[in-house]
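# Reading the structure
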Amino acid sequence: MIAAERALAMFAPLAAVWVAAAVRPPSERAVAAMILATAWNLLALSLVNAVALGAGWWRFGAEGAVVAGVPVDVLLGWALLWGALPAHAASRLPVPLTAAVLVWLDLAFMPIARPLVVLGRGWLLGEALAVALGLVPGLLLARWTSEGRRLAARAALQVVLAGGLMVAVPVALTGVWRQPAWLCGLAVQVVAVPMVLGVAAAREFATAGGGTPLPYDPPPRLVTGGPYAYVRNPMQVSIAAVYALLGALDGRFLLAAASAVAYGAGLAAWHEGLRLAERHGDDWAAYRRRVRPWLPRLRPAAVMPEAVVHVSSTCDLCRPLGWWIARRRPVRLRVLPAEAHPGRPRRMTYERADGLRAEGVAAFAHAAGHLHLGWALAGWVLLLPGIGWFAQVCADALGAGPRDLPASPPGGLGGLLERAPLPPRPAPGRLCLNRFIHASRLLVAGAGRSSAMASPVTGGTVPPVALDGRGLTGEAVARIAGGAAVTLDPRAVREAGDAWARAAQLTASGRVYGRSTGVGANRTVEVDPKDAATHGARLLRSHAGGAGTALPARQVRAMMAVRLNQLLAGGSGVRPAVVQALALALNAGVHPEIHEYGAVGTGDLSALAGLGLALAGELPWQGEGTPPPPVGLETGDALALMSSNALCLGQAALARQDLGRLLQASCAVTALSLLAVRGSAEAFAAPVHARRPHAGSIRAAAEIRRLIGAADRPAPPADRVQDPYALRCFPQVHGAALDACAALDDVLAVDLNAAAENPLISPDGPGGGPAAYHHGGFYAAHLALALDHLRPALLQTARLSAARLSALFEPAVTGLRPFLADDVPAGSGVLILEYSANAALAALWGEAGPATLGHAVLSRGVEEAASFATQSARQTLRAADAYRVVLGCELVAAVRALRQHHAVRPMGECDKDPVWQDLSVPAGRAFALADAALDPSMADRPLTADVAAATALLDRLADL
């Protein structure tokens, strides 16, 4: 009877697992889930049975194949029933439902399992303990593993599982724990050292690699940081060292240590080596050459990801710590002042190129990993759960808590500079320290360059721009393009990191465009696993093919600012390290060389590929600042960075800001021309525009009334019925341009803050999980059409400016000499300005044509349309330059006419100042500014300098 029950308890769950696997063959992740759930229940049920037997909750009536009073076959069958079977057969059912069914089966069958299982009083307590410690955690671990979720939680459970099965169970079975208490205590402390190595390795697998130590749940990225910078097999070294140390108490552990080394150096090394070589290719080969498999290095190999630790240079407690780290020659770690960080951190902050970020004590712990093995072990201890929290509490209590950084360091670095002066030729070992001091000195000195980008860090005369992925405006883009620093919203950075984690999960479990496939016509071509590590770099290199003239720094910085803000919107899946590096580049005042041609309004692929290669250290930075450390771009980072119209949007934002100010200045110039011809204010009367209430017309008319100090209902002039179109139709024509600008503003407000990357990495997928949505959000039709709308409207108002210029030359309109010449007969005066203005107007006319009429079929026909927003943005920038010249010519003539009016005023008008000389009226202040800037001579002379001075004055007129 007992034999039959034991056979049933063992083989029934085993057969059920076999049937489930035959009906629905498990994937690699499902196999991992089944193994982990079974192993977890094996460990948990062993503990529960030990407690139950001691408490008398139940006992087993069996002999033979019994360990610690528990039949081995019953234990294995129980573990399969609660582990592998539901992990696969019930993988699509809710965990609570699965658990409830299994608990019901246990409650039904345990009472009738006598004589194999003899229940005692309180057996339900044992059942509850088994469910809490075994069933539920095992089901959750299986579900998270099969779905690729909760990486940190499942990695932690795997660490507990490995420690229990490989250390706790052998210690319990051998009876080593029965040694004297002092010896057991000493053994625990000694054994803890190699165990820290294993725990740190598992953490590194999860945080940097995106996977777990289980072969069926591997990290998609090659892990070379943390313990892996010291030894190639840290987890195997850890368990072998634990067994070797326990061998001093029981010789059987020496045999276990030898077996662990033999297995790790033999079958495991061969199998894992093949998989890693297939998955990571040359990167794995290079790593193998630098790091030994079993004997740890004393100093980390230079294969770990680049990192930066930001330490405040104005904090008396923090500054010596930064100096101390720098003096110890950290490997691939830069120590920089926290004041240079775009996020304005309130604690010491560690950031690694693979996206790892830590603050406070955890930042120091990670930085210690770059020094040598001793400090690395201390750092890994500080990262253990509970210990790090306690250490942070102690540090805060001692005065090292969070603090706000000053906008700029108030003075020198005092003791730091005195203790560590810069040598003329720094040795390699002092390079990190010297960089820290040099960067700190730049902060203190204010980075003395003379251009608009002279202060690349927060704290100069220009306030920084806060980026959060939601509120970027065209005005803010222009400020950053002109040299303003940026700060990053921590919440947005976290959201970008969440998107990165989701992207890694989706790529590991399915096909994602540009990550596991090619791009364009290659969208259906799968990336070979052995090429996955270099796929992203090849994408960037192949797409960085821009041609034509190099763009000005202002436009490139605008592109960088837009792309940075879009990444913070959290839809790209790019690593947070890329986000931080891009912010550091902006704040350092450096930019890549980007060329004019390379996009047609479906993504600025060439320009952003060049940016990506600069971030990766493959292309040089332009500018005088210190570039950020190179970021090791992953496969998924390439398309995630390139999939944007950031350059086009940046140029559009700059054009909009330039034109907005020119259109505002145009009102002031028009007001001066109106006064110069003594025109009528009737055309600007409020009742006129209330009856045809276009917003732009109302605004333009009101602005002219404000500038000349006219009433809402002005009286008609005595000597003129109405003025020429150039003055009388100004509100209607100029108002249309203002409305076109407003329409462009609406588009920019959306696109500057859009997560429009293809694919979109979203948390809102089918079934509530993450999803990669493939779409066409990169097609910039709205932007292209808004820009194409603006330029013809601009051309219309520019034509009026040229017409007003012509009117100013006409004596019948002004009452002055032809061409506003002096009193010399046949003088030409400012005649040539009419030619210059119309030449610029012709250039503007050439740019006013709609770029959206273009057509292109690309990438073997799969990209069969284009918005040409890129071309439209460039045309708009050039149109703004031409419009500025037209307005400058009009301003020179208007001021000259007003000067001549003043010189020939009738005697009766001399006792009162005209409007243009009344400083209480904006038009009077406009004339005063222009009168002071322009040459007063009326003689025939070259006017190039006058036009240049007038165009430079337009920005000041816009502020009146």
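Residues numbered from 1 in each chain as written. Predicted model: local features only at pLDDT ≥ 70, side-chain atom pairs only at ≥ 80, totals over all residues. Heavy atoms only, no water.

The name that an unreviewed UniProt entry assigns to the chain is Histidine ammonia-lyase, with the source organism given as Microbispora corallina.

## Observations concerning the confidence of the model for the chain
Do not read the predicted coordinates in detail wherever pLDDT is low. This is how the line gets drawn: Each residue gets a pLDDT score, which is the predictor's confidence in that residue and runs from 0 to 100. Contacts between residues were defined by any pair of non-hydrogen atoms, one from each residue, lying within 4.5 Å.
Predicted confidence across the chain gives a mean pLDDT of 84, with 91% of residues reaching 70 or more. A low-confidence stretch, residues 408-460 (pLDDT under 50), is modelled with 97 contacts involving residues beyond four sequence positions or located in other chains. Throughout residues 906-911 the model reports pLDDT below 50, and contacts reaching past four residues in sequence, or to other chains, amount to two contacts.

## Looking at the packing of helix 2 (residues 28-55) against helix 6 (residues 123-147)
Formally: Interaxial angles span 0 to 180 degrees and are taken between N-to-C directions of axes, which are lines fitted to C-alpha atoms, for helices over the stretch in contact. Only DSSP runs of H or I covering at least 4 residues are called helices, and only runs of E covering at least 2 are called strands; the numbering of each starts at the N terminus. Roughly parallel here means an angle under 35 degrees, roughly antiparallel means over 145, roughly perpendicular means 65 to 115, and every remaining angle is called oblique. Left-handed describes a crossing whose near helix is turned anticlockwise from the far helix through less than a right angle; right-handed describes the clockwise counterpart. Each residue is assigned to one of three groups, with Ala, Val, Leu, Ile, Met, Phe, Trp, Tyr, Cys and Pro labelled nonpolar, Asp, Glu, Lys and Arg labelled charged, and all others, Gly among them, labelled polar.
Contact pair helix 2 / helix 6: the axes reach a minimum separation of 8 Å and the direction vectors enclose 165°. It follows that helix 2 is roughly antiparallel to helix 6 by the angle criterion. Two packed elements cross with a definite hand, and for helix 2 against helix 6 that hand is right-handed. Between helix 2, through Arg-29, Ala-32, Ala-33, Leu-36, Ala-37, Trp-40, Asn-41, Ala-44, Leu-45, Leu-47, Val-48 and Val-51, and helix 6, the contact on the second element is made entirely by Gly-126, Leu-129, Ala-130, Leu-133, Gly-134, Leu-135, Pro-137, Gly-138, Leu-141, Ala-142, Thr-145 and Ser-146. Broken down by class, the residue content of the contact of helix 2 with helix 6 amounts to 17 nonpolar, six polar and one charged.

## So, the packing of aromatic side chains
Using the following cut-off: In summary, the pairing rule links any two rings of Phe, Tyr or Trp, Trp by its six-membered ring, whose centres are within 6.5 Å, and it sorts them by plane angle into stacked for under 30 degrees, edge-to-face for over 60 and tilted for everything else. Buried residues are those whose accessible area, probed at 1.4 Å on protein chains only, stays under 20% of the maximum for their type, while exposed residues exceed 50% and partly exposed ones sit between those limits.
Per the stated rule, a full pass over the model turns up eight aromatic pairs. Consider the rings of Trp-58 and Trp-78, whose centres lie 6.3 Å apart with planes at 55°: the pair is tilted. Taken together, the residues span a long stretch of sequence, with Trp-58 in strand 1 (residues 58-60) and Trp-78 in helix 3 (residues 72-82) at a distance of 20 residues. The exposure classification of Trp-58 matches that of Trp-78, with both residues buried.

## A look at the side chain of Arg-575
Selection criterion: Whenever two N or O atoms come within 3.5 Å, that pair is a polar contact, provided that in protein one can donate a hydrogen and the other can accept it, and provided that, for residues adjacent in sequence, both atoms are side-chain atoms.
Looking at the secondary structure, you find Arg-575 in the loop between helix 21 (553-568) and helix 22 (576-588). At 2.8 Å, the side chain of Arg-575 forms a polar contact with the side chain of Asp-637. If sequence neighbours within four positions are ignored, Arg-575 has contacts with Ala-353, Asp-354, Gly-355, Trp-500, Val-631, Gly-632, Leu-633, Glu-634 and Asp-637.

## Overview of the packing of helix 21 against helix 22
It is at 10 Å that the axes of helix 21 and helix 22 come closest, and there the two elements cross at 150°. The pairing of helix 21 with helix 22 is recorded here as roughly antiparallel in orientation. Every pair of crossing elements has a handedness; the one defined by helix 21 and helix 22 is left-handed. Within the contact between the two elements, helix 21 uses Arg-557, Met-560, Ala-561, Arg-563, Leu-564, Leu-567 and Leu-568 and helix 22 uses Val-579, Leu-582, Ala-583, Ala-585 and Leu-586. Across the contact of helix 21 with helix 22, the residue classes tally to 10 nonpolar, no polar and two charged.

## A look at helix 3
Every α-helix carries 3.6 residues per turn, so stepping three or four residues along brings you back to the same face. When you tally the buried positions in helix 3, you get eight out of 11 residues, the bulk of the element. Those residues of helix 3 not exposed but buried are Asp-73, Val-74, Leu-75, Gly-77, Trp-78, Ala-79, Leu-80 and Trp-82.

## Observations concerning the environment of Gly-571
The topology assignment puts Gly-571 in the loop between helix 21 and helix 22. Counting along the chain gives 68 residues from Gly-571 to Ala-503, while the straight-line C-alpha distance between them is 9.4 Å. Excluding residues that lie within four positions of it along the chain, Gly-571 makes contacts with Ala-755, Glu-757, Pro-759, Leu-760 and Ile-761.

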